[in-house]
Every structure is written in structure tokens, then in C-alpha cells.
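Coordinates in review
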Amino acid sequence: MSSSPYISKSKYLWGLQCPKLLWYAYNAKELIPEPDAVTQAIFDQGHEVGALAKKMFPDGVEVGAGVPNLDETIRLTQAALKFRKPLFEAAFSAGGGYCRTDILRPAPQNAWDIIEVKSTTSLKDVHLEDLAFQKWVLASAGLKIRSCYLMHINSDFVRHGEIDLKKFFTMEDVTDQSAELAQQVTDRLADLFKVIRQRQTPDIQIGPQCDDPYTCALHDHCWKFLPSLSVFDLYRGARKGFDLLGQGVTSLEDIPDDFKLTANQEIQRQAAISGKPYINRKAIAKFLAQLVYPVNYLDFETFGTAIPLFDGVSPYQQVPFQFSLHTVRASGAKPEHSMFLAEGRHDPRPAFMLKLRDAVSRTGSIVAYNAPFELGRLKECCEAMPNFSPWLKAVEGRVVDLLGPFRSFYYYHPDQHGSAGMKAVLPALTGKGYEGLEIQEGGTASNEFLRVTFGDLPAEERRRVREQLEEYCGRDTEGMIWITDALRRAS
Ligand code: SF4
């Protein structure tokens, strides 16, 4: 066990989510996996937002930058307090707790305000716990705290030129809520210290806490005992999964006949028992009958940054930077492929829309998987560039959502594991997927695009990643053709 005399703020929050997670952090740290690239990218965005927030306090002083020693950082903080300036990353420890405050702002009568910066667009319960812990530690260290604020991103913000910090950020006064929670910190810390000193792993069952407020880093480790077709595959049935687990049922096929399931969940149970897909031939045939040649299979890739990169864009607004389009002109015809992948560091949307308008055939269906996503992006593009609105009006009635037959359970294969998403449907239905591709999902595609477009990278690396992006997006639309063909065979 670690001999650390402190529980840091992040470990305190882990302990509140699940004592078992906290125990691992101190007793078997090596079993906690490092964050994956997509999660790391979210953390990196958080750091960028934190750096931007500091610009609101131009006379602020960074405390202990690059100082690895905790006690030294705490000592430097004590020295910096005397200057009565806004402090960034000030460090405190008291009563077994340790934290660094994003921003500590001097207030009248020798008091201080704690400002916690978050890259979310709203206040969450976990933020209040976060501030309550800081308030408790700082007050225990002898500081007079006047107010606590959460500084988060204003979701209504739209970029026009340089980021206007006063409009970009929203400050919420959470002094009262955090004061109430701060009263519980003493007891909670005592409990958490008992947990980390335990010899045995705390005996805690998986539960809703595994994904609340965040997906736990030990999720794969704790959930691996479940069978492949588990009760947690139930479509929109997480609560039922925990009820069944409580009754000792882990496998879909072992769900008792009298357990109340929705019609779709019953389809899943029967498919698990028979090992065969459920097929509603009539409904599939009706769906396929809507498709009119030439059929355009269309997929977008997008990125959404916390700090908008272009004018007219809001925080986290999904900006399309790539599309793939496979057009099948007649039954059995070879698909024709066209695509777009943005070049340069400017707003990709004008070139994206021009190329798309040219590429989509003038007649026939436009098939997308989860089409409201593509339609939503097109509508946003038309708001920014109204000259494309007549085109969108003319084509939107031709859009068909390939997700429909799966979300409605016209077809369900046990290997979908309760998901109607394309990443689950494609391999279950066709035996083919994304194997062999460097980029295998949308989050990685966005991160890689941003990395090679805005990062300072060798041309060769850029070229390689752009090829991978083209392969990935191309597989999505090719996969839609395969799925449609498989539905035809099944109907
Ligand atoms: S996965 Fe769930 S049970 Fe396991 S440590 Fe995390 S929160 Fe606790």
C-alpha cells in the first residue's frame, strides 16, 4: 500500500465513485490502464480550456510550474499568497487532503475565491464535489474562503474573430452548494483512508456507478466475468441488467420466461437461445423498396473542439471535414467512389459543401447510417452558407436512414450485442469490418485529422494519416453497401 499521507482531489473523486477504484489506485496501480488516445484528447482539450481561462486574469501568477516535489509546491504557494494576486495551480494540503486550485482569486478582507475551470458546457454534480473538497482543504489549511465558482464554457457562444473570453466562459457561483457538501469531507476522507489501508480488495459489485459520473478506468477488468451474450446486452436495459445480476442471472439465454422484457429485448433473448438472427422479412422488404437508383451511400467525418476554430462555430459544434460517397447506379452495378478530405487550416465547410453538391447524383436515394447526424451537419452548414439551402431542400427528402431496420429490430443478430450501431451491425451481418485499418472509429479519425492538420508534422506523416482517413471513411460507405446487400439476401 502507498504510504502517501494525502488523498488528492482526483483520488477523492474516484473514491466517491467507487471505493474499489480508489483501493486499486493505491494498492494495484499497475492494473489501472492508461487513458486511451480518444480520452487523452479530451483531457488535452481540457488543458487548452484551462490555459484560456487563465487569460481572464492577466496579473495572475503560476505557482510551482515544473516543480515535481509536492512539499516544495505547497511551500511556494504559501510564499505566493502574500502577494495577493490571482494564483494558478496553487497547492495545499491539510487533514489528509491535497489539491491544486485552477484559479485562486483574492477577495476583500484577506479572503479568497476558488475558481474551478471545466471544459463542459454545464454544471454537474461531480463539479460540486470537486469544489467542496477544495474548499475543505483550503479552509483546513487556514485560508478564508469567500466564494466558490465553477467557470465553464458557454454553450451559446459563437466565435466571431478573436475569442471574447467574457462571452466564452460562464461563471456559476456555487458557494452554497459546495459549502453543504464540504461538511461531509471529514467523514468521507476518514472512510477513504480506511479503504486504502484494507488488505483485501473491497467487495463491490459492478453497478450504475461504473459509468457515473465517468466510465471507470477498471470497467473492462471488473466486467470481464460476464458471458459473451450477457444481460447487459439488453437494448435500453441497463437497469434490467442489474436486476437480473442481483438474481444471479448473467446470461441472456438464462433470463427466466416470466421476467418482463420489451418486445425487442425478447427478440434478443430468443436470438441468444437459438444462436440465429431474427429476421422480419416483410419489414425489411418494405424498407428496401424505398431505395431508388442511383443509390448514394454517404458518410461524414467531423470534429468538434471545445474552443471553436472558425468564425460562426460554437463550442463542440461538429464541423464536417471529410465525406465518402459510393454511388450504385443500378442493381448489380459497380459502385463509383468519390470523396473529400479537407486541406489546409481554414474552415473546411465551403469546399466540403461544394464538392458534396457536385458529387451527389441529381436523382435517387441518399443513404446514411444514423442519417439525422448527416442532416444536422448539413443544416448547420446551410445556416452558415445559405446559398446551399435550396440544394439541401431539394435533396433532404431523398435521405434514407440505414440505421432504421436495426433500431426497429427488423433484423437482429446475437453478435450485435444489443447495439444497432454500424460498428456492431457490419461484422455481425457480413462477417466484414474494419480489420486491417489503422483508423477504426470516428473519434480517432477526428483526432488524427486535427493532429495532422494543425500540428507541426513531417509531410510524410501527414500523407500517411490522410491515406488512413480516406481508407476509414471509404470503408464506412462500402460497409453500407454490404449491409444493404445482406438485407436484400435476408428479405
Ligand atoms: S468498474 Fe465499477 S465496480 Fe469496478 S472499480 Fe470501477 S466503479 Fe467499481
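The following paragraphs examine the structure supplied in this document. (Residues numbered from 1 in each chain as written. Predicted model: local features only at pLDDT ≥ 70, side-chain atom pairs only at ≥ 80, totals over all residues. Heavy atoms only, no water.)

**Here we look at the environment of Asp-211**
Residue position: Asp-211 is located in the loop between helix 8 (185-197) and helix 9 (219-223). Along the backbone, Asp-211 and Phe-193 are 18 residues apart, and their C-alpha atoms lie at a distance of 23 Å. Beyond its immediate chain neighbours, meaning those up to four positions away, Asp-211 contacts Gln-17 and His-219. Here Thr-215 takes part through its side chain, which lies 3.0 Å from a polar atom of the side chain of Asp-211. (Helix = DSSP H or I, 4+ residues; strand = E, 2+ residues; numbered from the N terminus. Contact = heavy atoms within 4.5 Å. Polar contact = N/O pair within 3.5 Å; in protein donor to acceptor, adjacent residues only side chain to side chain.)

**Quick notes on helix 2 (residues 19-27)**
Burial of helix 2 is extensive: seven of the nine residues sit out of reach of the surface. Those residues of helix 2 lying buried are Lys-20, Leu-21, Leu-22, Trp-23, Tyr-24, Ala-25 and Tyr-26. Looking at the buried residues of helix 2, the elements they touch are strand 1 (7-8), helix 1 (9-17), helix 8 and helix 9. (Buried < 20%, exposed > 50% of the residue type's maximum accessible area, 1.4 Å probe, protein only.)

**A short note on the layout of surface pockets**
Considering only enclosed or pocket space, the second largest pocket measures out at about 150 Å³ in volume. Together, Tyr-293, Tyr-297, Val-328, Ala-330, Ser-331, Gly-332, Ala-333, Pro-335, Ile-481, Asp-485 and Arg-488 line the second largest pocket. Broken down by class, the residue content of the lining of the second largest pocket amounts to seven nonpolar, two polar and two charged. (1 Å grid on protein atoms, 1.4 Å probe; cavity = no way out; pocket = protein on both sides within 12 Å on 5 of 7 lines; lining within 4 Å. Points joined across faces, edges and corners; volume = space filled by probe spheres on them. Nonpolar A, V, L, I, M, F, W, Y, C, P; charged D, E, K, R; others polar.)

**Comments concerning the packing of helix 1 against helix 5 (residues 125-140)**
For the pair helix 1 and helix 5, interaxial distance at closest approach is 10 Å and the crossing angle is 130°. As judged from the angle between their axes, helix 1 and helix 5 are oblique. Judged by the twist between their axes, the crossing of helix 1 over helix 5 is right-handed. Contacts between helix 1 and helix 5 involve Lys-9, Tyr-12, Leu-13 and Leu-16 from the first element and Val-126, Glu-129, Asp-130, Phe-133 and Gln-134 from the second. (Axes fitted to C-alpha atoms, helices over the stretch in contact; angles between N-to-C directions. Parallel < 35°, antiparallel > 145°, perpendicular 65-115°, else oblique. Left-handed = near helix turned anticlockwise from the far one by under 90°.)

**Some thoughts on the sheet that holds strand 9 (residues 295-303)**
Pairing in this open sheet of five strands is mixed, and the strands run 11-10-9-12-13 from one edge to the other. Each having just a single partner strand, strand 11 (336-341) and strand 13 (399-401) make up the two edges of the open sheet. On average, each strand axis in the sheet is inclined to that of its neighbour by 25°, with strand direction left out of account. In terms of strand pairing, strand 12 (residues 366-368) meets strand 13 through three bridges, oriented parallel. (Pairing = 2+ DSSP bridges.)

**Focus: the packing of aromatic side chains**
In this structure the tally under the stated criterion is 21 aromatic pairs. The interplanar angle of 85° and the centroid separation of 5.5 Å between the aromatic rings of Phe-323 and Phe-352 together place this pair among those described as edge-to-face. In this pair, Phe-323 sits in strand 10 (residues 319-328) while Phe-352 sits in helix 13 (residues 349-359), placing the two residues 29 residues apart along the sequence. Their ring planes at 20° and their centres at 6.3 Å tell us that Tyr-369 and Phe-406 sit as a pair that is stacked. A residue pair is termed long-range when its members are at least 10 positions apart, and Tyr-369 in the loop between strand 12 and helix 14 (371-384) and Phe-406 in helix 16 (residues 404-407) qualify at 37 residues. Side by side, Tyr-369 and Phe-406 carry an identical accessibility label, which is buried. Joined through ring pairs, the aromatic side chains of Phe-300, Phe-323, Phe-340 and Phe-352 make up one cluster. The ring of Trp-14 has Lys-11 sitting right over it, with the charged end atom 5.1 Å from the ring centre. (Phe/Tyr/Trp six-rings, centres within 6.5 Å; stacked < 30°, edge-to-face > 60°. Lys NZ or Arg CZ within 6 Å of the ring centre and 35° of its normal.)

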